[in-house]
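For reference, the chains in residue letters:
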Amino acid sequence: MGYKIGELISWLESYAPPSYQESYDNASLITGNRNDLVTGVICSLDCTEEVVDEAISLGANLIVAHHPIVFKGLKSFTGRNYVERTVIKAIKNDIAIFAIHTNLDHVSNGVNKRICDRLGLINTRILLPKKQLLSKLEFFVPSAEKEQVLKAIYQAGAGKIGEYSDCSFQTEGTGTFTPSSKANPTIGKQGKPETLEEVKVEVLVSNHLIGKVLGQLKSSHPYEEVAYYLTSIENEHQDVGAGMVGELPEPMEETDFLDYLKEKMDLKVVKHTSFLQKEIKKVAVCGGAGIFFLNQAKRANADLFITSDVKYHEFFDTEGQLILCDIGHYESEIFTKELLGELLSQNFPNIALYLTKVVTNPTSYR
């Protein structure tokens, strides 16, 4: 028995939940059937006609791409542009295309961490953590059953804050209730008031895990009716967000760092602002088009910010506070295919897995 396409997608979406993607994005299964068995997987930055041809030649029926081939709704399928032609070819040949885009950008071990790792940065953290992705769960449980319930909800993902797990706040108190004549109480009797020593537990839950955590809470809790409160909170999610900032183990001179950057990211050229005649120690990165986070890089006191797709006038916005490097969109994210390949090979060891050999970079240099 092999794996179904849906099994691979479900695992990838547990790693980088779709709820983490930006509103304009289309990280999803774009073509194909989740119930088809996987014959082979190609990991790529982009999905183009050439990548589909590569999948056909290798007998692979799933392309896992970082960039979605479809961002907007298609009103016709006539092959008039590369998007339509790619989709048509994939559908004709029963090839599934799955995109994992800004949701993979936003996880702490995603696209930007891969850039940081290639540059050897340490003490990394998210540059701009996202908000409104967390909720506070409060519930009441008899003291004797507290540990079994906590174990169940922790296993479902509750109580995780950064590098800390099993986090909760607990308050002891007295609970009262009277079961009705239709109730089937585990503790107490119908129509008789009951008093019991209980614990109020408060934990943080990522919103995409709420259903799973509540399911575990209810199945592990001794009460027929579980009393709980679920409240959305504005807290930043320190493990989810845009960009990343870290430090070099040892400071480097500006020219030395740019040579190092070209070597580690396999670059022909780097477009950058003027040198500031100071050492480079703290480096901010954002794969793809990330100039929107220039102010966050400044506030993080970065000496240098690496991103792509910077417009002419946007270079002026550094105002001499840091060096801004535009290394190219493709160049900043091409190693994402390696990340995807590693994730899949570690969790689905028996599938035929390939990293595309197609160079999808639409720009060239001389």
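In what follows, the accompanying structure is described. (Residues numbered from 1 in each chain as written. Predicted model: local features only at pLDDT ≥ 70, side-chain atom pairs only at ≥ 80, totals over all residues. Heavy atoms only, no water.)

### Details of the overall build of the chain
Scanning the chain from terminus to terminus reveals 11 helices and 15 strands. Referenced to the eigenvectors of the C-alpha coordinate spread, the extents of the chain come out at roughly 85 × 55 × 40 Å. Within the chain, the proportion of its 366 residues that are buried is 49%. For the chain, restricting intrachain contacts to residue pairs at least 6 apart in sequence, the fraction spanning at least 24 positions comes to 71%. Carbon and sulfur atoms make up 49% of the accessible area of the chain, which amounts to about 18,600 Å² in all. Looking at the chain, you have 37 positive and 48 negative side-chain charges, and the mean spots of the two groups are 4 Å apart. (Helix = DSSP H or I, 4+ residues; strand = E, 2+ residues; numbered from the N terminus. Buried < 20%, exposed > 50% of the residue type's maximum accessible area, 1.4 Å probe, protein only. Contact = heavy atoms within 4.5 Å. Areas by Shrake-Rupley, 256 points an atom, 1.4 Å probe, with all protein chains shown as cover. Lys, Arg positive; Asp, Glu negative; His and termini not counted. Charge placed at Lys NZ, Arg CZ, Asp CG, Glu CD.)

### Some words on a negative patch on the surface
Among the surface-exposed residues, Glu 253, Asp 256, Asp 259, Glu 263 and Glu 279 lie close enough to one another that they form a single negatively charged patch. Tracing the backbone through its elements, the reader meets Glu 253 in the loop between strand E10 (237–252) and helix H8 (254–264). With a relative accessible area of 42%, Glu 253 lands in the partly exposed category. (Patch = residues over 30% accessible without salt bridge, like charges linked within 9 Å, V, L, I, M, F, W, Y side chains within 5 Å. Salt bridge = Lys/Arg side-chain N within 4 Å of Asp/Glu carboxyl O.)

### Things to note about the sheet that holds strand E4 (residues 96–99)
Spatially, 5 strands are ordered E1-E4-E3-E2-E15 in an open sheet, and the strand pairing comes out mixed. Across the chains shown, the open sheet's two edge strands, defined by having one partner strand only, are strand E1 (29–31) and strand E15 (353–355). Averaged over all pairs of adjacent strands, the angle between strand axes in this sheet comes to 25°, irrespective of strand direction. With 4 bridges joining them, strand E3 (residues 62–65) and E4 adopt parallel strand pairing. In the sheet register, Val 64 faces E4, and the bridge partner there is Phe 98. In this fold helix H11 (residues 336–347) packs onto strand E2 (41–44), E3 and E15, with an angle of close to 145° to the strand it touches most, E2. (Pairing = 2+ DSSP bridges. Axes fitted to C-alpha atoms, helices over the stretch in contact; angles between N-to-C directions.)

### With respect to the pattern of salt bridges
Taken as a whole and assessed by the stated rule, the structure comprises 15 salt bridges. The salt bridge involving Arg 114 is made with Glu 342; its shortest N-O contact spans 2.7 Å. Placement of the pair is Arg 114 in helix H5 (residues 111–119) and Glu 342 in helix H11, with a sequence separation of 228 residues. Taking relative accessible area as the criterion, Arg 114 reaches 14% and is therefore assigned buried. Residue Glu 342 is classed as partly exposed on the basis of its relative accessible area of 33%.

### Observations concerning unusual backbone geometry
Of note, the phi angle at Asp 94 is positive, near 55°, even though the residue is not glycine. Tracing the backbone through its elements, the reader meets Asp 94 in the loop between helix H3 (82–92) and E4. Assessed through its relative accessible area of 57%, Asp 94 is described here as exposed. Here the phi dihedral of Asn 301 falls at roughly 60°; this positive angle occurs in a residue that is not glycine. Looking at the element boundaries, Asn 301 is found in the loop between helix H9 (294–299) and strand E13 (304–308).

### Some thoughts on the environment of Gly 290
With respect to the helices and strands, the residue Gly 290 is situated in the loop between strand E12 (280–289) and H9. Take Gly 290: its relative accessible area is 0%, and that puts it in the buried class. Separated by 42 residues in the primary sequence, Gly 290 and Leu 248 have C-alpha atoms spaced 21 Å apart. Residue contacts for Gly 290: discarding those within four places in its chain leaves Phe 305, Thr 307 and Ser 308.

### Things to note about the nonpolar core
In this structure, Phe 257, Leu 261, Val 283, Val 285, Leu 304 and Ile 306 are the most contacted members of the largest nonpolar core, which totals 26 residues. When residues of this core are traced back to their parent elements, those giving at least two are H5, E10, H8, E12, E13 and strand E14 (323–326). Those residues in contact with Leu 261 that lie beyond four places of it in its chain are Leu 119, Asp 266, Leu 267, Val 270, Ile 306, Cys 325 and Ile 327. (Core = buried A, V, L, I, M, F, W, Y, C linked by side-chain atoms within 4.5 Å.)

### Quick notes on the sheet that holds strand E8 (residues 194–206)
What the 4 strands build is an open sheet, ordered E7-E8-E6-E9; its pairing is antiparallel. Only two strands of the sheet have a single neighbouring strand rather than two, namely strand E7 (169–177) and strand E9 (228–233). When the angles between neighbouring strand axes are averaged without regard to direction, this sheet yields 25°. Strand direction decides the pairing type here: E7 and E8, joined by 9 bridges, are antiparallel. Its bridge partner being in E8, Thr 174 is matched across the sheet by Glu 197. Helix-sheet contacts for helix H6 (residues 146–155) involve strand E6 (134–142), E7 and E8, and the interaxial angle to E6 is about 155°.

### Thoughts on H5
Summarising burial for H5: 7 of the 9 residues are buried, a large majority. Taken together, the buried positions of H5 are Val 111, Asn 112, Lys 113, Arg 114, Ile 115, Cys 116 and Leu 119. One or two steps after H5, the chain reaches Gly 120, where phi turns positive at roughly 70°.

### With respect to the packing of aromatic side chains
Applying the stated criterion across every chain, the model contains 7 aromatic pairs. When the ring of Tyr 3 is compared with that of Phe 348, the centres are 4.9 Å apart and the planes differ by 90°; the resulting orientation is edge-to-face. With Tyr 3 in the segment before helix H1 (5–15) and Phe 348 in the loop between H11 and E15, this pair connects stretches of sequence that are 345 residues apart. With relative accessibility at 6%, the residue Phe 348 sits in the buried group. Ring centres 6.1 Å apart and planes at 45° place the aromatic pair Phe 257 and Tyr 260 in the tilted group. Of this pair, Phe 257 and Tyr 260 both sit in helix H8, 3 residues apart, which is roughly one turn of the helix. Judged by its relative accessible area of 0%, Phe 257 is buried. In this structure, Arg 118 is placed above the aromatic ring of Phe 335, and the distance from its NZ or CZ to the ring centre is 3.5 Å. (Phe/Tyr/Trp six-rings, centres within 6.5 Å; stacked < 30°, edge-to-face > 60°. Lys NZ or Arg CZ within 6 Å of the ring centre and 35° of its normal.)

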